[in-house]
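Listed below, chain by chain, are the residues.
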Amino acid sequence: MVVPIAPTPTEARIWQLLEEVSDPEVPVLSILDLGIVRGVLVEGKQIIVTITPTYSGCPAMNVIATDIRLRLLAEGYAKLIINNQLSPAWTTDWMSPAGREKLEAYGIAPPVDGTATGHMLNLFGKDTAVRCPVCKSEHTHLVSQFGSTACKAHYQCDDCLEPFDYFKCHN
Amino acid sequence: MLTQDLSSAKATAAAEPSLLFPYVLQLADTSLILAHRLSEWCGHGPILEQDLALANIALDLLGEARSYYQYAAELEGQGRTEDDLAYLRSAVEYRNPLLVEQPNGDFAHTIVRQFLFDNFHYHLLKTLKNGPDTHLAAIAEKSVKEAAYHLKWSSEWMIRLGDGTDESRQRLDKAIATLWRFAGELTTPTAAETTLQEIGVLPDYATLLAEMQAHTENVFAQATVPLPAPAFAQLGGKTGRHSEHLGYLLSELQYMQRTYPGLTW
């Protein structure tokens, strides 16, 4: 592989390139939309990117780290350290407004703020009202808190009957 | 392999590494062994949604275990990695409580085991996230959000099964009768835990027990199941004296590394 000789990277350039790295499980979202890039630091040719996992066991994290490395390498930026930072813990508050719109257009209901499951004694509590990403009806019900990936719950629309993923509010 | 960076998190250990190491390892083993048990359900759940729930919970616990193993490896400072700690220790070196190594049994059995664990786990993480050891606090801050979902899930299933059909009730009763004796070990401190409690790294388990008890009473009342009398607590796992089940579990879990030493993906 021929690696172009890169100019000294700037932080702004690195952020631009990170915008082009997508979440492997929700490919319409960039990792910036998702809010998992917590910092970029450039010291000479050395680049340090700090990311945080959405969920502890998220299997996408290793893929994301590899994708970041490959994207920067393609521009000739080879001196890269990727840190994985746990605290402060990721929250859906860090998801960008653009990211939320892209999610809904893709068929995944975006997180409804302020509805995190913080009240464990509220058993069989009322489901979060989630809008169907297909017909936009508010008549939906929770099928399972655990969906196709760790960050999603499984819902169904009572009007158009579409089963859909809901990106859980997490804060 | 993506590992955590300790320096950028400005981690400060709240105790001598040699005191913390066995406890962090105990947390790691506990989450790993339960994650493995839950993963055995994959493809065998009673319905698709619950199969997914079990696999999701397994994945959360596995991620949590990795964080603890990475921290334990760092504390030990002998060059062992998270993989060495998980794959190359024998059953007598494992420090998980007996509860989490118990076989899955039927769905009710798995739910009771999960409820007993989640109730402890959630309340423990809630205090650890405000604890003085910043690295443990960071892991707890991350994992407590997930543990909250787990506890809600297992609590609701306790109620459904207890207040469900004659058969579900019978199976739940049987599971409670079998597993209740293993609950006490979770909150019976080992010598290492007692030391950490004395220097304020770990909470006093009496406070934890009061919160756990309140939640248990609430769930059992809704499940219409009478609370079992306090039982003799079967101890052993946290000090390396395990039931026969752990050896079989590890032989599957560690098979690849034992057969092909040093294998990587």
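Residues numbered from 1 in each chain as written. Chains lettered and ligands numbered in written order. Predicted model: local features only at pLDDT ≥ 70, side-chain atom pairs only at ≥ 80, totals over all residues.

A tally of regular secondary structure across chain B gives 11 helices and 0 strands. In sequence order, chain B lays out its α and β elements as α-α-α-α-α-α-α-α-α-α-α. The C-alpha radius of gyration of chain B comes to 18 Å, within 12% of the 18 Å expected for a compact globule of 265 residues. Referenced to the eigenvectors of the C-alpha coordinate spread, the extents of chain B come out at roughly 55 × 45 × 30 Å. Across chain B, contacts joining residues at least 24 apart in sequence account for 76% of those joining residues at least 6 apart. (Helix = DSSP H or I, 4+ residues; strand = E, 2+ residues; numbered from the N terminus. Rg over C-alpha atoms; globule rule 2.2 N^0.38 Å. Contact = placed C-beta atoms within 7 Å.)

Once that is clear, we can look at the overall build of chain A. Tallying secondary structure elements over chain A gives 4 helices and 7 strands in all. Scanning chain A from its N terminus toward the C terminus, one meets helices and strands in the order α-α-β-β-α-β-α-β-β-β-β. When the backbone C-alpha atoms are referred to their principal axes, chain A occupies close to 55 × 30 × 25 Å. Relative to its full complement of 171 residues, chain A shows a buried share of 38%. In chain A, the proportion of contacts linking residues at least 24 apart, taken out of those at least 6 apart, comes to 58%. (Buried ≥ 20, exposed ≤ 12 C-beta atoms within 10 Å, placed from the backbone.)

Now for the interface of chain A and chain B. Listed per partner, the contact involves 29 residues of chain A and 35 residues of chain B. Broken down by class, the residue content of the side of chain A that touches chain B amounts to 14 nonpolar, 15 polar and no charged. (Nonpolar A, V, L, I, M, F, W, Y, C, P; charged D, E, K, R; others polar.)

Time to look at the pairing of strand β7 (residues 163-167) of chain A. All names here are of chain A. Most of β7 is tucked away, with 4 of its 5 residues classed as buried. Note: strand β4 (residues 108-109) against β7, 2 bridges, orientation parallel. Note on β7: the bridge partner recorded for A109 is Y166. In terms of strand pairing, strand β6 (residues 152-157) meets β7 through 5 bridges, oriented antiparallel. Counterpart to K152 in the pairing with β7 is F167. With antiparallel pairing between neighbouring strands as the criterion, β6 and β7 make up a hairpin whose turn holds 5 residues, including L161 at a positive phi of roughly 70°. (Pairing = 2+ DSSP bridges.)

Okay, the domain arrangement of chain A next. All names here are of chain A. Assigned domains of chain A: these are domain 1 (11-84) and domain 2 (94-167). Computed over C-alpha atoms only, the centres of domain 1 and domain 2 are separated by 27 Å. Of the residues that constitute the side of domain 1 that touches domain 2, the class distribution is 7 nonpolar, 3 polar and 2 charged. (Domains from an automatic or database assignment.)

Below, the discussion takes up the sheet that holds β7 of chain A. A sheet is described by the order of its strands in space; here 4 strands give the open sequence β4-β7-β6-β5 (chain A), paired in mixed fashion. Every interior strand has two partners, whereas the edge strands, β4 and β5 (140-144) of chain A, have only one.

With 23 residues, helix α1 (residues 17-39) of chain B ought to run about 33 Å at 1.5 Å a step, and its terminal C-alpha atoms sit 32 Å apart, in line with that. Of all the 23 residues making up α1 of chain B, 19 are buried; the element is thus mostly covered by neighbouring parts of the structure. (Expected span 1.5 Å × (residues − 1).)

Here the focus is the packing of helix α2 (residues 48-76) of chain B against helix α6 (residues 134-162) of chain B. Between two packed helices, both the angle of their axes relative to each other and the distance between the axes serve to describe the pair. All names here are of chain B. Between α2 and α6, whose axes approach to 11 Å, the crossing angle comes to 165°. By the criterion of interaxial angle, the relationship of α2 to α6 is roughly antiparallel. The two elements α2 and α6 cross, and the hand of that crossing is left-handed. Seen from α2, the contacting residues are A53, I57, D60, E64, S67, Y68 and Y71; seen from α6, they are H135, I139, S143, E146, H150 and W153. Its residues assigned to classes, the contact of α2 with α6 shows 6 nonpolar, 4 polar and 3 charged. (Axes fitted to C-alpha atoms, helices over the stretch in contact; angles between N-to-C directions. Parallel < 35°, antiparallel > 145°, perpendicular 65-115°, else oblique. Left-handed = near helix turned anticlockwise from the far one by under 90°.)

Okay, the nonpolar core next. Counting residues in hydrophobic clusters, the biggest one holds 110 residues, and the most contacted among them are V24, A28, Y68, A72, L99 and V112 of chain B. Not counting the four nearest positions on each side in its chain, A72 of chain B is found in contact with F21, V24, L25, A28 and L85 of chain B. (Core = buried A, V, L, I, M, F, W, Y, C linked by C-beta atoms within 7 Å.)

Residue and element names in this part refer to chain A. A cis amide bond links S87 with the next residue in sequence, P88, at an omega value of 0°. Along the polypeptide, P88 turns up in the loop between β3 (80-84) and α4 (97-106). Phi is positive for K136, which is not a glycine, with a value near 65°. Mapped onto the elements, K136 comes out in the loop between β4 and β5. Judged by local crowding, K136 falls into the exposed class, with 11 C-beta atoms found within 10 Å. Unlike most non-glycine residues, L161 shows phi in positive territory, near 70°. Note that L161 resides in the loop between β6 and β7. Taking the number of C-beta atoms within 10 Å as the measure of exposure, L161 has 10 and is therefore exposed.

Our next topic: the sheet that holds β3 of chain A. Backbone-to-backbone hydrogen bonds pair the strands of a sheet. The strands run either parallel or antiparallel. Residues and elements named next belong to chain A. Taken in spatial order, the 3 strands of this open sheet run β1-β2-β3, and their pairing is mixed. At either margin of the open sheet sits one strand with a lone partner, and together these are β1 (37-43) and β3. The average undirected angle you get between the axes of adjacent strands in this sheet is 15°. Bridge count between β1 and strand β2 (residues 46-51): 6 bridges; the pairing is antiparallel. Residue pairing in the sheet places G39 in a bridge with T50 of β2. Against the sheet, helix α1 (residues 11-19) engages β1 and β2, with an angle of about 140° to β1.

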